[in-house]
Amino acid sequence: MHDFPLSKRRIILNINSEDVDIYIRAADLLLDTIRESLGLTGSKPGCLNGDCGACTIILDEKPMKSCLMLTLEAEGKKIMTIEGLKNTPIQKAFIEHFAFQCGYCTPGFIMNCHSLIKNQPNADPHTIKEWLQSNICRCTGYQEIETAVLSVLRKDYNK
Amino acid sequence: MRVIGKSVGRKDAEEKVTGAAKYTDDYIFNNMLHARVVCSPYAHALINSIDWSKAEKVPGVRSIVTGVGLPLTGEEIRDRSPIAFKKVRYHGEVVALVVADHPAQAAEAASLIEISYTPLPVVNSPRQAFQPDSPLVHEHMEAYEINVNVYPEPHTNVAHRTKIRKGNIEKGRMESDVFVEGSFSFAPSDHAAMETRSCFAEIRPNGDVIITSSSQAPFMIKKLISSYFGVEIGKIIVNTPLVGGAYGGKASVQWEFLAYIAAKSVEGRPVKILYSREEDILTAPVHIGLDATVKLGCTRDGILKSAEILYLFDGGAYADKSPDLSRAAAVDCTGPYHIENIWCDSLCMYTNHPYASPFRGFGHSEVHFAFERTMDMLAKKLKIDPLELRYINAIQPGDTTPTQVLLNKSNVGNVRACIDKLKELMDWNGETKIESGKHTVRTKGVACIWKTSTIDPNASSGVILTFNPDGSVNLMSGVVEIGTGTKTVLAQILAERLRLDYDKIHVKMKVNTQTTPEHWKTVASRGTFMAGRAVLAAADDAILQIKSIASCILRVRVEDLEIDSGKVFVREEPGINLKFEDVVYGYTYPNGNSIGGQIIGRGNYILRHMTYLDADTGAGKPGPEWTVGAQGVEVEYNTINHTYKVVKAYSVIDIGQVLNEKTARGQVMGAMSMGLSFGGRETFYFDQHGRVLNHRLRTYRPLRFGEQPEYAVEFIHTPHMEAAYGARGVGEHGLIGMPAVLGNSLSLAAGVELNHLPLIPEQIWRAKRRPQE
């Protein structure tokens, strides 16, 4: 008979600048922990295979697909989810340029874009494409998302 | 106008950019159980036995359900058991369902169910299905319960046949000097919405069935669960929160049956089912495939005289909505052209492929690919400009459609105006092939499109308005917010009619079939039209109530009152007025006497004068209006390795009236992107056993960021007189011509007729190697 461990261990995660004390299974995906244990459902499951990017979070300043990580691996790292972003320029730009429709891919896209803006404030079109290719949006024609990202990057140039 | 046409912000914007927006799977409860499906690895096989003895020993397993004793389901033909019984008919079909405490336990148990199959010969294409000696997918079709207007042919694989017999095809042939004929095909593909299908259901102690689903059709779920499982319809309550992309793929009811069956198997406890991406691609309904032959005849001057068409749709293993899809394709079986003599057979074929549901455009991008490619072949033979050929044949008021509907200035858009605009936008001067590099050429391709919707003739839409004490309004409509922004547009229509600030309109996004009035299904680009009319009716109802109360208080006749900016006032003396907040929640006189009460506005809309199609000729009125358009694309093609880049894509759509500029453009661009993706790369690859080989987003690969062309979108404004502010449906139309324009531009670039999708470099390479007919 297959052994089926549901036994849990205690772990402290730093998420959106707060330490949370939770119990997890060794096999739990970071995405599932974020959604089910912490109730932060902004990060979405889309493929659980790293193909669609809907679950993108920011881990120690870099975008990461939370479906490709075990929760255990995130211990000691700084996790930021869409719920940790408030009134950022990229969120405003997404609204202004209608860069979302159904909204399901939006949190993942915004996390990726936000991280791009922070890490590569002078990103050229090639870099933007390289970063954002990891997410799929099935509703827009991507032009709106491109406009939104560029609008934020250009404002950064002006500073 | 104060708010119509303006790009006001979407009502769902803040929720969606902060992660606060909730979709079905985001509702997480402690007491919820989890269901997991076991899928067939075969496309066609007998089920010999199912052994769950190991599975049931997995800790946390609550129940295991098979197809024994379940009712047959199907909106057009009741041919499908929600869980396969005795036989499987497609790869990915559900064979068993496991319910457990934790999703991991359910998955573990599902993997331990042992099923023995005897594989059967597979029907692997609609052409094969059409052969007299083909194996049968359904041996006893005659035993099925069949919907009105569906004509299956027992002892064959024909699930439905629509016949179009307009004019006299013999006469049309006689009058024609030039003929072309083309054959076209493409396999089924996927909607690939980012949110996979999910649902949770419970049965309460009082018998209420409460279902929450990622669906475009919550009211249909209610109806079908009632009809199939014998539950009193008023005891079924369906919730639909925001939906993460649908494109027609969530208009079919499938996973909801599973959630309901699962809940029933555990004494009504809440059970959630969330399809994995692989299940979402394989098990859930797909985008229909097609095999087509189009023969056109015209005079030497290019006047179309005859169209002879055979459409064989790949409906897959079960009928679901495919008979309707093949019928819609017959309704607009030609492009938007005036052709006196049309003979078309549009067949929905059973095959051993995943079964089809609607897909954005509902059969139209599929038949337009075949028809508009043939138009280009005809132009080539006639040696005339393909856009000119389309212009001279463009359908106009006074002409009749294939189903013999007489067109007028309102029920059809202006095709010629779209062509003129496209010409200007594309800088079009005939078909040209320009060498843009050592091994690259640039070409442009064009097509014209049209579409009416063929929803049920008695489909209706309702709206309820309730006022708040501050004079603001709550808008409740059964339209599901699937991403199109329809509820934002409805708020604009309401603000315009009530002459009220847009910010004073509060929209209820979530649909609840008990408290939200019905909107048949959120499909067919009909949300704005039907719910828009219902909004106007509800607004007028509320306005009359406000004026009635005000007339009493102000002691004037109702007819002398006007409303504007949250006030009701005497037309001649606006100084005599009342604020909405003093009227809409009851008016209280200084001594405490009160009249009125909360204003509740109600309105509905049902389509006018729709008819079923005649079984022998197809004559009938299937839809209220035709949105038309002209589209194009410019590609840069590499003559050595057959790769290409879509440089620019163009759409000119006769939208009637733009209600929200950015939303409308977003709909058109998004649809164009999806159409280019469908035409250029998306397909299921089937092996010889009918199994889908690419059921992940890594191998089934939609367009990604940076692969999009530059978009050019323009609108023509021929109002549809019956619609709110004249607006025409526009959710699907940007998609319709894209596969055709891609085929037309690449056929010119590659110097070979490209009649099969998707147009990947290998496809072009194969076409070039094939000897030309």
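Refer to the structure printed above.
So, here's what we can say about the structure. Bear in mind the structure is a predicted one, so any value in this text is a computation, not a measurement. (Residues numbered from 1 in each chain as written. Chains lettered and ligands numbered in written order. Predicted model: local features only at pLDDT ≥ 70, side-chain atom pairs only at ≥ 80, totals over all residues. Heavy atoms only, no water.)

## Considerations on the pattern of salt bridges
Then, number 1: Evaluated as defined, the whole model comprises 60 salt bridges over all chains.
Then, number 2: Through salt bridges with shared partners, a single network forms among Glu75, Glu76, Lys321, Asp324, Arg327 and Lys521 of chain B. (Salt bridge = Lys/Arg side-chain N within 4 Å of Asp/Glu carboxyl O.)

## Some words on the interface of chain B and chain A
Then, number 1: The interface is formed by 64 residues belonging to chain B together with 50 residues belonging to chain A.
Then, number 2: A combined buried area of about 4700 Å² lies between chain B and chain A, and 59% of that area is made up of carbon and sulfur atoms.
Then, number 3: Ranking the residues of chain B by area buried against chain A places Val17, Met194 and Phe705 of chain B at the top, with a combined share of 19%.
Then, number 4: In this assembly, chain B and chain A are joined by 5 salt bridges. (Contact = heavy atoms within 4.5 Å. Buried area = accessible area lost by both parts, 1.4 Å probe.)

## What about helix 10 (residues 386-393) of chain B?
All names here are of chain B.
Then, number 1: Inspection of helix 10 places Pro386, Leu387, Leu389, Arg390 and Asn393 among the buried residues, and these make up the whole buried set. Considered in projection along helix 10, the buried side chains sweep an arc of 160° and stay on one side of the axis.
Then, number 2: Of the surrounding elements, those touching the buried residues of helix 10 are strand 14 (304-316), helix 9 (364-382), helix 11 (415-426), strand 17 (440-451) and helix 17 (738-750).
Then, number 3: The N-cap residue of helix 10 is aspartate 385: its side-chain oxygen and the backbone nitrogen of leucine 387 are 2.8 Å apart. (Buried < 20%, exposed > 50% of the residue type's maximum accessible area, 1.4 Å probe, protein only. Helix = DSSP H or I, 4+ residues; strand = E, 2+ residues; numbered from the N terminus. Arc of directions from axis to C-beta. Polar contact = N/O pair within 3.5 Å; in protein donor to acceptor, adjacent residues only side chain to side chain.)

## Some points on the side chain of threonine 718 of chain B
Residues and elements named next belong to chain B.
Then, number 1: Secondary-structure assignment places threonine 718 in the loop between strand 30 (710-716) and helix 16 (733-736).
Then, number 2: Accessibility expressed as a relative area gives 17% for threonine 718, which makes it buried.
Then, number 3: Only 2.6 Å separates the side chain of threonine 718 from the side chain of aspartate 654, close enough to count as a polar contact.
Then, number 4: When neighbours within four sequence positions are excluded, threonine 718 is seen to be in contact with Lys409, Val412, Gly413, Asn414, Asp654, Gly656 and Arg728.

## Details of unusual backbone geometry
Then, number 1: Following leucine 757 of chain B, the chain continues to proline 758 of chain B via a peptide bond in cis, the omega torsion being 0°.
Then, number 2: Here proline 758 of chain B lies in the loop between helix 17 and helix 18 (761-769).
Then, number 3: Phi at asparagine 16 of chain A takes a positive value of approximately 50°, unusual for a residue other than glycine.
Then, number 4: Mapping asparagine 16 of chain A onto the fold places it in the loop between strand 1 (9-15) and strand 2 (18-24).
Then, number 5: Unusually for a residue other than glycine, histidine 155 of chain B sits at a positive phi of about 70°.
Then, number 6: Position of histidine 155 of chain B relative to the elements: it lies in the loop between helix 3 (126-130) and strand 7 (158-166).

## Description of the pairing of strand 15 (residues 341-350) of chain B
All names here are of chain B.
Then, number 1: Among the 10 residues that make up strand 15, 9 are buried, leaving the element largely enclosed by the rest of the structure.
Then, number 2: Looking at chain direction, strand 7 and strand 15 are connected through 8 bridges and run antiparallel. Within strand 15, the residue paired with threonine 162 across the bridge is serine 346.
Then, number 3: Inspection of the sheet shows strand 14 paired to strand 15 by 10 bridges, in the parallel sense. Each bridged residue has a counterpart across the sheet, and for phenylalanine 313 the counterpart in strand 15 is cysteine 348.
Then, number 4: Taken together, strand 14, helix 8 (residues 322-331) and strand 15 form a β-α-β motif whose crossover is right-handed. (Pairing = 2+ DSSP bridges. Right-handed = clockwise from strand over helix to strand, strands pointing away.)

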